[in-house]
Amino acid sequence: MFIEISPKDIVDIILVASLLYYIFRLMRESRSLNIFIGIMVFILVWLFVSQILEMRLLGSILDKLVSVGVLAIIVLFQEEIRKFLYSLGAHQRFGAFMKLFVNKHASDTPDMSTIMPIVMACMNMARQKVGALIVIERGVSLDDIVATGDTIDSNINQRLIENIFFKNSPLHDGAMVIRKRRICAAGCILPVAHDQNIPKELGLRHRAALGISQDSDAIAIVCSEESGRISVAIKGEFRLRLSAEKLEAILTEELLVRK
Ligand SMILES: Nc1ncnc2c1ncn2[C@@H]1O[C@H](COP(=O)(O)OP(=O)(O)OP(=O)(O)O)[C@@H](O)[C@H]1O
């Protein structure tokens, strides 16, 4: 008995292999690899029992488990599924395609008058070792994050930024969100990154910056209260120990050049 393999089957196999490899990588990064291996073993046992050995009783029990299993997988891996779908949607080619449908007005997008007060404030706060966390919203809406803090809706002003993060200010705890050309909210709570490879000296403020940069396309700037250093998190990557010039260059590149 010969099995006929058409070019379509080869493409099918390559696609399934790529999907499995992608899921494997995602699981490895999120430390859920053992669950993934467990599911693969279960699927192999199920195929062996019900398709090859054709054991009807055990096969029917496993069939039932498989049908419920899809729901269980969605619940168990909701974070990974979110990340997967987000990374798919955030892919550069899809992003360029979506831009065709998004009509941005010039006044909606940040300009140099957005960037400079942030850079100057960060420089001063870092020098005085004032802790700060500033998130600049881009394409992905941060409405859910803004809802956790206090609405401000003000022009972007260096002294106001410094004032908000001043130690005794009621809004100094948490993150400030910048939307378009305005300070939108302060005292916001961000999702915290759980990566294990983050240097030990970086605490919750830095983890929160990394977390929001993994979950969205926002730019998160951190001024460290402990070391007086400025860092930026973009797309899940940290750029540490930045000078004011470097911070300005990064923000200009990300907000004005690439948009
Ligand atoms: N999930 C979060 N969302 C927003 N802000 C947070 C979050 N978690 C912590 N923070 C802020 O970080 C502060 C605690 O910072 P912590 O010292 O743990 O971090 P760090 O990364 O070591 O920063 P630093 O170098 O400034 O000390 C909190 O007081 C709070 O303002």
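Numbering of residues starts from 1 in each chain and follows the order in which that chain's sequence is written. The model is predicted, so local features are restricted to residues of pLDDT at least 70 and side-chain atom pairs to those at 80 or more, both for listing and for counting; the totals for chains, interfaces and linings are taken over all residues.

### Concerning the overall build of the chain
Each helix is a run of DSSP H or I of at least 4 residues and each strand a run of E of at least 2, with the numbering of both proceeding from the N terminus. Per the secondary structure count, the chain includes ten helices and seven strands. Backbone-placed C-beta atoms define the burial measure: a residue is buried with 20 or more other C-beta atoms within 10 Å of its own, exposed with 12 or fewer, and partly exposed in between. Taken across its 259 residues, the chain has 25% of its residues classed as buried.

### Looking at the nonpolar core
Ile-118, Cys-122, Ile-134, Val-135, Met-176, Val-177 and Ala-220 are the most contacted members of the largest nonpolar core, which totals 49 residues. Looking at this core, the element that brings in the most residues is helix H6 (residues 112–127), giving seven residues. Note that contacts rest on C-beta atoms placed from the backbone: two residues are in contact if these are within 7 Å. The residues contacting Cys-122, other than those within four sequence positions of it, are Ala-132, Ile-221, Cys-223, Ile-230 and Leu-247. Remark: nonpolar core denotes a set of buried Ala, Val, Leu, Ile, Met, Phe, Trp, Tyr and Cys residues whose joining runs through C-beta atoms within 7 Å.

### Here we look at the packing of H6 against helix H8 (residues 158–165)
Between H6 and H8, the least distance of the axes is 8 Å, while the angle of their chain directions is 40°. Comparing their axes, H8 and H6 come out oblique. Our pair here, H6 against H8, has a crossing hand that is right-handed. Two secondary-structure elements touch here, H6 through Pro-117, Ile-118, Met-120, Ala-121, Asn-124 and Met-125 and H8 through Gln-158, Ile-161, Glu-162 and Phe-165. Residues are grouped as follows: Ala, Val, Leu, Ile, Met, Phe, Trp, Tyr, Cys and Pro are nonpolar; Asp, Glu, Lys and Arg are charged; every other residue, Gly included, is polar. Its residues assigned to classes, the contact of H6 with H8 comprises seven nonpolar, two polar and one charged. Here, axes are lines fitted to C-alpha atoms. For helices the fit covers the stretch in contact, and angles between N-to-C directions go from 0 to 180 degrees. Here the angle decides the label: under 35 degrees means roughly parallel, over 145 means roughly antiparallel, 65 to 115 means roughly perpendicular, and every other value means oblique. Handedness of a crossing is defined here by the sense of rotation of the near helix relative to the far one, left-handed for an anticlockwise turn of less than a right angle and right-handed for a clockwise turn.

### Some remarks on the domain arrangement of the chain
Domain limits in this description derive from either an automatic procedure or a database domain assignment. Looking at the chain, the domain boundaries give domain 1 (7–98) and domain 2 (106–257). For domain 1 versus domain 2, the separation of C-alpha centres amounts to 36 Å.

### A closer look at the environment of Glu-54
Examined against the element boundaries, Glu-54 turns out to sit in the loop between helix H2 (33–52) and helix H3 (56–76). With 35 residues separating them in the primary sequence, Glu-54 and Leu-19 have C-alpha atoms 28 Å apart.

### Structural notes on H8
Every α-helix winds through 3.6 residues per turn, so residues three or four apart in the chain are directed the same way. Listed as buried for H8 are Ile-161, Ile-164 and Phe-165. Along H8, the residues classed as buried sweep out an arc of 90° about the axis, all on the same side. Structurally, H8 contributes buried residues whose contacts are with H6, strand E1 (132–136), strand E3 (175–179) and strand E4 (182–188). The directions from the helix axis to the C-beta atoms form the arc being described.

### Comments concerning the sheet that holds strand E7 (residues 237–242)
Pairing between two strands is assigned when DSSP locates at least 2 bridges connecting them. Across the sheet, which stays open at both edges, the seven strands sit in the order E2-E4-E3-E1-E5-E6-E7 with mixed pairing between neighbours. Sheet topology places strand E2 (150–155) and E7 at the edges, where each strand pairs with a single neighbour. Between one strand axis and the next, the sheet turns through 20° on average, direction left out of account. Across four bridges, the pairing between E3 and E4 is antiparallel. Bridged to Ile-178 within E4 is Ile-183. Relative to strand E5 (residues 219–223), H6 is tilted by about 30°, and along the sheet it contacts E1, E5 and strand E6 (230–234).

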